[in-house]
Amino acid sequence: MSSQSVVLDSLPYVDRHFDDPAARAAAEELVRQEAASMPRSRLDNVKHIPEFNPNFQSELLQAEWQRVTSGQELPPLDNSRYQAVQPSGKDADTLQAWEQAISQTRILYEHSALRLAHDELMQRHSANAWRAHNILAEERLKTLEAEHQALKQEMDEVNRRRQDLQLEQAGKLPVLERKAQMLQYKVAQVAAAVAHLENSQ
C-alpha cells in the first residue's frame, strides 16, 4: 500500500443520491426515528452529572449562591442612608436621634459632592474619552473585518479546490464502481467453486 495518508471526505459535488425523492424521504424518515428515540427533556441528558454544591470561604458568597439557586429576587437597594430625615415625635427630644440625623446629613452631603465631582469630570473628559474609545473600536473592527475577509477567501479557495478535485475525479468513479462489482462477482464465483469442490470430496 502507499504510505500516502488518505483523508476521508464526502463528495457533495459528485454524489446525487438525494436528488431522488425516494432516497431523500428514506433519509428524513431515519432522522425522524432517531429524533423520536432521543430524550424529550433536555434535563435527561444531564441526570448523570452530580449537583454542584460549592463551598465558598466567604459567607457573603455562600449566602448569595443560596439566594440565586433558590430563585429569590435580589433585595432592593437601601437608599435610606442617602436621605436626611429630621427627628420627629419622641426622637425629637433625644440627643442620639439628632446626632444620627447629623451623620445622615453629612453622608448625603458627601454623596452629593461626589456626584457633582463626577459630573464635572464627565463634562471635562468624557467626550475625549469616548472619541478615543470609538477610534480604538473602529480600528479593532477594521482588523476583525480584514481577518474575516481573509478567512472567507481561504474557505472559498478550499471549497473551489474541493469542487475541482471532485469534478475531475467524478468520471473515474463509475469505472471504479463497475470494476469493484466485477471483482466482487469473481470473488463470489471463486467462493462458490471452492464450496462445490469441498462438497464433492
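Conventions and cut-offs
Residues numbered from 1 in each chain as written. Predicted model: local features only at pLDDT ≥ 70, side-chain atom pairs only at ≥ 80, totals over all residues. Heavy atoms only, no water. Helix = DSSP H or I, 4+ residues; strand = E, 2+ residues; numbered from the N terminus. Rg over C-alpha atoms; globule rule 2.2 N^0.38 Å. Buried < 20%, exposed > 50% of the residue type's maximum accessible area, 1.4 Å probe, protein only. Contact = heavy atoms within 4.5 Å. Phe/Tyr/Trp six-rings, centres within 6.5 Å; stacked < 30°, edge-to-face > 60°. 1 Å grid on protein atoms, 1.4 Å probe; cavity = no way out; pocket = protein on both sides within 12 Å on 5 of 7 lines; lining within 4 Å. Points joined across faces, edges and corners; volume = space filled by probe spheres on them. Nonpolar A, V, L, I, M, F, W, Y, C, P; charged D, E, K, R; others polar. Salt bridge = Lys/Arg side-chain N within 4 Å of Asp/Glu carboxyl O. pLDDT = per-residue confidence, 0-100.

**Observations regarding the overall build of the chain**
Right, so step 1: The number of helices and strands found in the chain is four helices and zero strands.
Right, so step 2: Traced from its N-terminal end to its C-terminal end, the chain shows the element sequence α-α-α-α.
Right, so step 3: Against the compact-globule benchmark of 17 Å for 201 residues, the chain has a radius of gyration of 38 Å, which places it well outside the compact range.
Right, so step 4: C-alpha extents for the chain along the principal axes are approximately 125 × 50 × 40 Å.
Right, so step 5: Residues classed as buried in the chain amount to 4% of the 201 residues present.
Right, so step 6: Across the chain, the fraction of contacts at a sequence separation of at least 24, relative to all contacts at a separation of at least 6, is 47%.

**As for the packing of aromatic side chains**
Right, so step 1: Scanning the entire structure with this criterion turns up two aromatic pairs.
Right, so step 2: Note on Phe-52 and Trp-65: the rings are 5.6 Å apart at their centroids and 90 degrees apart in plane angle, and the pair reads as edge-to-face. Placement of the pair is Phe-52 in the loop between helix H1 (21-37) and helix H2 (59-69) and Trp-65 in helix H2, with a sequence separation of 13 residues.
Right, so step 3: Residue classification places Trp-65 among the partly exposed positions, given a relative accessible area of 27%.
Right, so step 4: What links up through ring pairs into an aromatic cluster is the set Phe-52, Phe-56 and Trp-65.

**Here we look at the layout of surface pockets**
Remark: the empty space left among the atoms is shown by a probe the size of a water molecule rolled over them.
Right, so step 1: Roughly 170 Å³ of volume is contained in the second largest pocket.
Right, so step 2: When grouped by side-chain class, the residues that make up the lining of the second largest pocket number four nonpolar, five polar and one charged.

**Some thoughts on the pattern of salt bridges**
Right, so step 1: The tally for this structure, following the rule as stated, stands at six salt bridges.
Right, so step 2: Among the salt bridges present, the one from Arg-67 reaches Glu-64, with a minimum N-O distance of 2.5 Å. In this pair, Arg-67 and Glu-64 are both assigned in helix H2, three residues apart and thus about one turn of the helix distant.
Right, so step 3: Residue Glu-64 is classed as partly exposed on the basis of its relative accessible area of 34%.
Right, so step 4: Between Glu-120 and Arg-124 there is a salt bridge, and its shortest N-O distance comes to 2.7 Å.

**Examining the confidence of the model for the chain**
Right, so step 1: Confidence in the prediction of the chain, expressed as mean pLDDT, is 85, and 91% of residues score 70 or more.
Right, so step 2: Confidence scores differ between elements of the chain, with H1 showing the lowest mean pLDDT of 85 and helix H3 (residues 95-170) the highest of 92.

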